[in-house]
Amino acid sequence: MKLTAEIWVSAYLTRLRLVEIPAFVVQRGDATAGAVLIKLNTLDGLACCYQRSFDLMTGERTWMVLVEGKEPVVDSSISKQRGFDPDLWVIEVEDKQGRHLLDEPGLE
């Protein structure tokens, strides 16, 4: 059974909150099938944006880096993605240690 985007986002935000990693929804996308971008802001002027990708060789869904670097460059790329996909969810995670939990079981 596949989770809706809204349920996945809610569960992700809860997991982050449980380990005291601040995160918030920048853009709310389609509740059922919207794609999700995760922006990791390390609060030092740098950021990284992750997107889910489907690995054709293994059939697994994985998180991969869409863009990383100076925060304005990452924000610009996210803005372009938002222009292409109005159903897109954008979640911003703020953590100086660079934790995003996307490699945790159940979030892949």
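Higher on the page you've got the structure.
Residue indices follow the written sequence of each chain, beginning from 1 at its first position. For a predicted model such as this one, the threshold for reporting local features is a pLDDT of at least 70, and the threshold for listing and counting side-chain atom pairs is 80 or more; totals across whole chains, interfaces and linings nevertheless cover every residue. Excluding hydrogens and water, the side-chain figures rest on all heavy atoms present in the structure.

(A) Main features of the overall build of the protein. A count of helices and strands for the protein gives 2 helices and 5 strands. Listing each helix as α and each strand as β along the protein from the N terminus yields α-β-β-β-β-α-β. Against the 2.2 N^0.38 benchmark of 13 Å for 108 residues, the protein shows a C-alpha radius of gyration of 13 Å, consistent with a compact globule. C-alpha extents for the protein along the principal axes are approximately 40 × 35 × 30 Å. Looking at the protein residue by residue over its 108 residues, the buried ones come to 34%. Working rule for contacts: check all heavy atoms of both residues, and any pair within 4.5 Å makes them a contact. Taking the contacts inside the protein whose residues are at least 6 apart along the sequence as the reference set, 67% of them involve residues at least 24 apart. On the protein, roughly 6,600 Å² of surface is accessible, and the fraction owed to carbon and sulfur atoms is 55%. We count a stretch as a helix when DSSP gives it H or I for four or more residues in a row; a strand needs E for two or more, and each element gets its number in order from the N terminus. Note on method: radius of gyration uses C-alpha positions; expected globular size equals 2.2 Å times residues raised to 0.38. Each residue gets one of three labels from its accessible area relative to the maximum for its type: buried under 20%, exposed over 50%, partly exposed in between, using a 1.4 Å probe on protein chains only. Working definition of accessibility: Shrake-Rupley area with a 1.4 Å probe, residue cover restricted to the visible protein chains.

(B) Seen up close, the sheet that holds strand β4 (residues 61-70). For two strands to be treated as a pair, DSSP must find at least two bridges joining them. In space, the 5 strands of this open sheet follow the order β1-β5-β2-β3-β4, with mixed pairing throughout. Two strands in the sheet have a free side with no partner beyond their single neighbour: β1 (23-27) and β4. Taken over all neighbouring pairs, the strand axes of this sheet differ in orientation by 25° on average, direction set aside. Note: strand β2 (residues 36-41) against strand β3 (residues 46-54), 5 bridges, orientation antiparallel. Axes here mean lines fitted to C-alpha atoms, for a helix over just the part in contact, with angles spanning 0 to 180 degrees between N-to-C directions.

(C) Structural detail: the pattern of salt bridges. The salt bridge criterion pairs a side-chain nitrogen of Lys or Arg with a carboxyl oxygen of Asp or Glu, the two atoms within 4 Å. Evaluation of the coordinates by the stated rule reveals 5 salt bridges. In this structure, Arg99 and Asp95 form a salt bridge, with 2.8 Å as the shortest nitrogen-oxygen distance. According to the relative accessible area criterion, Asp95 is buried, its value standing at 6%.

(D) Structural view of unusual backbone geometry. Its identity is not glycine, yet Glu20 carries a phi of approximately 60°, on the positive side. Secondary-structure assignment places Glu20 in the loop between α1 (5-18) and β1. Residues other than glycine seldom take positive phi values, yet Leu43 does so here, at roughly 60°. Locating Leu43 in the fold gives a position in the loop between β2 and β3.

(E) Representation of the state of the cysteines within the structure. Note on terminology: disulfide denotes any pair of cysteine sulfur atoms within 2.5 Å. The full count for this structure, using the stated rule, is 0 disulfides. Left without a disulfide partner, Cys49 is nearest to the cysteine sulfur of Cys48, which lies 7.3 Å away.

(F) Seen up close, the side chain of Glu92. Note on placement: Glu92 falls in strand β5 (residues 89-94). Polar contact is the term for a pair of N or O atoms within 3.5 Å; when the atoms are in protein, one must be able to donate a hydrogen and the other to accept it, and sequence-neighboring residues count only if both atoms are side-chain atoms. At 3.1 Å, the side chain of Glu92 and the side chain of Asn41 are in polar contact. In this structure Glu92 touches Pro22, Ala23, Phe24, Val26, Lys39, Asn41 and Glu71, once residues within four positions along its chain are discounted.

(G) View of the environment of Ser79. Among the structural elements, Ser79 can be located in helix α2 (residues 71-84). Distance in space between the C-alpha atoms of Ser79 and Phe24 is 17 Å, their sequence separation being 55 residues.

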